[in-house]
Structures are given as structure tokens and as C-alpha cells.
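Architecture and fold: a report
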Amino acid sequence: MGESKRIVLALYLFFFVAYSSFQLLSASSNDAQDAIFYESFDEDYEGRWIVSDKDDYKVVLMGLLGIANDNLAACLLQKFNSVYNDTRGVWKHAKSEGHDDYGLLVSEQARKYAIVKELDKPVNLKDGTVLQFETRLQNGLECGGAYLKYLRPQEAGWKPKEFDNEAPYSIMFGPDKCGATNKVHFILKHKNPKSGEYVEHHLKSPPSVPLDKLSHVYTAILKPDNELQILIDGEEKSKANFLSSDDFEPPLIPSKTILDPDDKKPEDWDERAKIPDPDAVKPEDWDEDAPIEIVDEEAEKPVGWLDDEPEEIDDPDATKPEDWDDEEDGEWEAPKIDNPKCEAAPGCGEWKRPTKRNPAYKGKWSAPLIDNPAYKGIWKPQEIPNPNYFELQKPDFEPIAAIGIEIWTMQDGILFDNVLIASDDKVAASYRETTWKPKFTIEKEKQKAEESVPDSDATAGFQKKVFDLLYKIADIPFLNDHKVKIYDIIEKGEKQPNLTIGALVAVVVVFLTIFFRIIFGGKKKPARVEKKNTAQAETSSSQAGEENEENKEKEETSAAAPRRRTRRET
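Described in the following lines is the structure provided in the data block. Being a predicted model, the structure only gives us computed values, none of them experimental. (Residues numbered from 1 in each chain as written. Predicted model: local features only at pLDDT ≥ 70, side-chain atom pairs only at ≥ 80, totals over all residues. Heavy atoms only, no water.)

Thoughts on the side chain of D270
Under the convention used in this document: Secondary structure is summarised from DSSP: a helix means a run of H or I of at least four residues, a strand means a run of E of at least two, and numbering begins at the N terminus for each. Relative accessibility thresholds used throughout: buried, under 20% of the residue-type maximum; exposed, over 50%; partly exposed, between the two (1.4 Å probe, protein chains only). Here a polar contact is taken to be a pair of N or O atoms separated by no more than 3.5 Å, where protein atoms must pair a possible hydrogen donor with a possible acceptor and residues adjacent in sequence count only if both atoms sit in side chains. The criterion used for residue contact is that any of the two residues' heavy atoms lie within 4.5 Å.
Topologically, D270 is positioned in the loop between β16 (257-259) and β17 (274-276). Of the residues examined, D270 reaches a relative accessible area of 13% and is grouped as buried. Here the side chain of D270 touches R272 through a polar contact of 3.0 Å, landing on its backbone nitrogen. In this structure the side chain of D270 is engaged in a polar contact, spanning 3.0 Å, whose partner is the side chain of N372. Residues within four places of D270 in sequence aside, it is in contact with N372, A374, Y375, K376 and G377.

As C-alpha cells, this is what we get:
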């Protein structure tokens, strides 16, 4: 690349970064006023986000391994991490790979992470709210979560330093992948006004998680008309209605009736649709002891059957091993082989009649089934009015007082960034445009460039095949006079692999030139014959003979000379 091109590229990158920074600063100044909460992680999280000190990791390991013994779990933890508290993952303030933009990083594998940020004041979700954040799975995602929990006020029963998976939340939102699970969760914890119980309501059709290593932005739009939209990278992936029984499991609005838990099936309730005919009698000719199969008395021995020949004989070619000891190994016996005499015959050895199915076989007798006159159907408890039923015009969202990340992940390299709460989806769209899209564009272009570069092993294999082909072309007999030239081309190509295609083209051109010269250029004009005296003719003939002998010797010497294959003699 020339110096002028480098300068142009540097200026382009400078203006691109400057433009992106200007957009980001503009968004930060303009949109920040409209954002209810925004965390860019440009500054270190310490002092603003609180890392949980909750010591419940032993319980987590016990649950994962199905261990009920407290001492055994502690022992495994010591062997696994040497120190008990090492199961607690370390959060880091780190740059996103390839960018100067910082985020909150999951830095270690197979750890539990818990961190929380309290909001200046609780956020009411009833009038519509937008929840948005970015994640980047820099090392991919095999098993782990990358979701956020939007927590209820501390009065609900939690403390920042003791934040764990039991902390009461209002909404849980974000990607989760492990085993058969691959979805972007949206879970609403909603309080039943009749029972006072908080129930988790899961979105029935959540979108799947993008499993590449690029930055992605997740957006949940809670609209005043009870509609929910889930966006990934600004594109709608799921739409639902909070009050629809088809969209959430279980539905927010419970059914009007339930099965009576106190109802019991009467003792005389008959659920049998068919019963044996009580009036049926076994026929007198029914023989339950008759066998399934009997000997076929009509069968005859095939002609040519060899009664006196065994099916197997001793191998006549087998010999007793020299080191065989009869006292230790026992009497030696030759191995058996199929009797060759039996191959052409219908059979060998004692002939026996085959069996056939017994026409008199009927098996155990049982009375035929008839409709049960006492049949009442399959019993189920009767339905009664649901005491916890309620009607709902809008979800009764609990306010959000904090944002927490609480995950157990086998994967490191998960980066969280640009956490946003806004009251308008236009604000969220503006943040996506200025904070996420420039990074994503750079990452996407880099990914395309990496994918377009051929694999080095595949390239080397291709080049080897090309050079092998070129050497085979050089070995064609009618190219003997041009071998030196062809070998020079091949050797230059081997020394400079980037010339592989050029070497192939050059050899093919030489080959075709010689080929067409042989096909179309072989006819020469007849030489003009002039009369000469006999002495001159004899002298010319003698000289010509000597020249032909010299040329013949040169050709033989050339043919006997070794090929110039410094690297690939075969």
C-alpha cells in the first residue's frame, strides 16, 4: 500500500471515529435527559454497583450435582477451587474486544456472579416503559445466562450485599443458553390480588439467542395498551399481550373455575367401558393345552441328504503347535471347519421332520368383552368457582427499584453494556443508533473479512495439488525439450506461493503452445533440390551424416541428464 493510500485510510478512520464520538456525545447530552436510567460503564463500576457477598455458592453446587451432604459439597468445592470463596466470579471493568468502549465483564468460567445497582427512585411501569441493554458473548455461549433482573424495592425483602437468586424481582429479561434451553427470557412476576401470591409468568414464544461473538442489543417495550414487544438489534422478534392466555404461561388472569381439590371419586364409580361377558361359557372342544406347533408328518427327507456326514469336520490342514504341552494344555484337538461335502448336498447328519403351526391351537380361553352397563366414564373432580380468580384491565406491575445481574455461568467473556430504562421507545432507538450500531458495524465487517480469508491449511493443500499437477504435466514425453523451462516456472512458484495460479497458467500456456504447434505446424514446404556434382554430393552426404551423429549424441545426453526437481523428486 502506498504512502498516500495510508494517509487517506488514516484520515477516513479519524473522521469515522470523530463522527461516531460526536453522535455518542450528542446522544448522551440529548437522550440522557429523556432516559430514566442509563449506564454506559464508561467509568469504573466500583462505588456505583454493589457486588454481592452472599455466601450461598455451596448450595448452588449441591443443587447442580444433586448432593444432599453438606460436608461432601464443601469437600468438592475445596478440590474444585482450593478456596471456598473462589466460586464467586470476579467482575471486571473492561473494554469490548476491538473497541475503546468499556463494559461490565464476566471474567471467569464456572462461577456465580451477582451485582446490583440501585436506582435513584423507583420506576413505575404502568404507563409504558422500555428496557434495553447490550451483551456481547466474546467467547461464545455454551452454558450460561446473560439476563438482567429488575428488582422490586428493598422493602420486599432483599439487601444489596446479600443479593442472590431469591431477591424479589418484577421482570427478568435477557438471553439464556444451556442444553436444550436457548431463548431470550421475559418473565413477569405478578401479584395475585386475591391470594397475595407472586407468580412467575413466562413468555410462551421467546426468541432464540444469537450465538455469534458480536454485540447485540435486547429491547423489551412495555406499552400502555398491554402489548409487549421484544426486539433484538432493533428488529421485532416477538409480540405478545400481557392479558392473553395464549401468550403467557401461566396466564396472568386465572381461570374462573378450578377442579375441586376436596372432591373424591365415589367407591362405586365404574370407569370400565368394556367388561368380560358374564354369561359366556368356554366351548367344550376348546383345548387350552394344545401346543402352538406340531411335527409335520407329511414332510419327507430331501433326496441326496447325507445322513452319515457330520456338518463339521476337523480341519485337515491344521497342525499341532510345536510348543503345545499335552500335560499343561490338555489333549490337542484340531479346529472344526464346515464339511465341504455338505455344501452340494441338501443337508447332513440326522434328518428330523420340521414343525408346523398347530391348526388346533387356540390358547387360553377368555370371555369376550361387552359394553359395561354400569360404565359412568372417566371420573374427574367437579369444577368450582376459583377463589383466586380476578379480572384485570392492566397488569399490576411492581415498581423497579434496582437492576441486578445474578447468573451462574460456565462461560467467560460475557460483556454487559449500555443498560437503559426509558419511557419512550424512540429514546431507545436513538441509543441503539449511536451506541450499539457503530460497534456492531465494525464487528460485522471484521467478521466478513475473516470469513473471506481462506483457511491456511486448505490453501497449502490446494497449492500442493497444483504443483503435483504441474510436475505431472512436465513429465509428458513430448515436452522433454521444454522440461528445463517448465521446472524453472514450477520452482519459482514453490518459492513464492502467491504465484501458484500464475505458475499454473504459465505451464498450461507452454503446454498448449507446443500441442498446437505439433498439430498445426508440422507440415513444412519441400526443400528446393539443386543438382550438384557427385563429389560435392558425397561430401555433403558425409558431412550431414556426421552432423546427424552429433545431434543424436546430444539428444541422448540430454535425455540421460537428471531432471531439475530440487524439491519434488518422485
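Digging into unusual backbone geometry
In this structure, the amide linkage connecting E249 to the following residue, P250, adopts the cis form with an omega of -10°. If you trace the backbone, P250 turns up in the loop between β15 (248-249) and β16. Look at F41: it is not a glycine, yet its phi comes out positive at around 60°. With respect to the helices and strands, the residue F41 is situated in the loop between β1 (35-39) and β2 (50-51). You can call F41 buried: its relative accessible area is 0%.

What about the pattern of salt bridges?
Convention followed: Any carboxyl oxygen of Asp or Glu within 4 Å of a side-chain nitrogen of Lys or Arg constitutes a salt bridge here.
Scanning all chains against the criterion turns up 24 salt bridges. With a closest N to O distance of 3.2 Å, D270 and R272 form a salt bridge. One salt bridge in this structure joins E433 and K437, with 3.7 Å as the shortest N-O distance. With a gap of four residues between them, E433 and K437 both fall in helix α6 (residues 425-452), about one helical turn apart. Look at E433 and you get partly exposed, because its relative accessible area is 42%. Shared partners join several salt bridges into a network, and the residues in it are D101, E134, D417 and K439.

Brief notes about α6
Every α-helical turn comprises 3.6 residues, leaving residues that sit three or four positions apart pointing alike. Using the following cut-off: To obtain the bend at a residue, axes are fitted to the seven residues ending there and to the seven starting there, and the angle between these axes is taken.
In α6, a bend of some 45° at W436 exceeds every other bend along the element, and P438, a proline, comes one to four places later. Among the residues of α6, V427, A428, Y431, R432, T434, T435, W436, P438, K439, F440 and E443 are the ones counted as buried. Residue D424 occupies the N-cap position of α6, its side-chain oxygen lying 3.0 Å from the main-chain nitrogen of K426.

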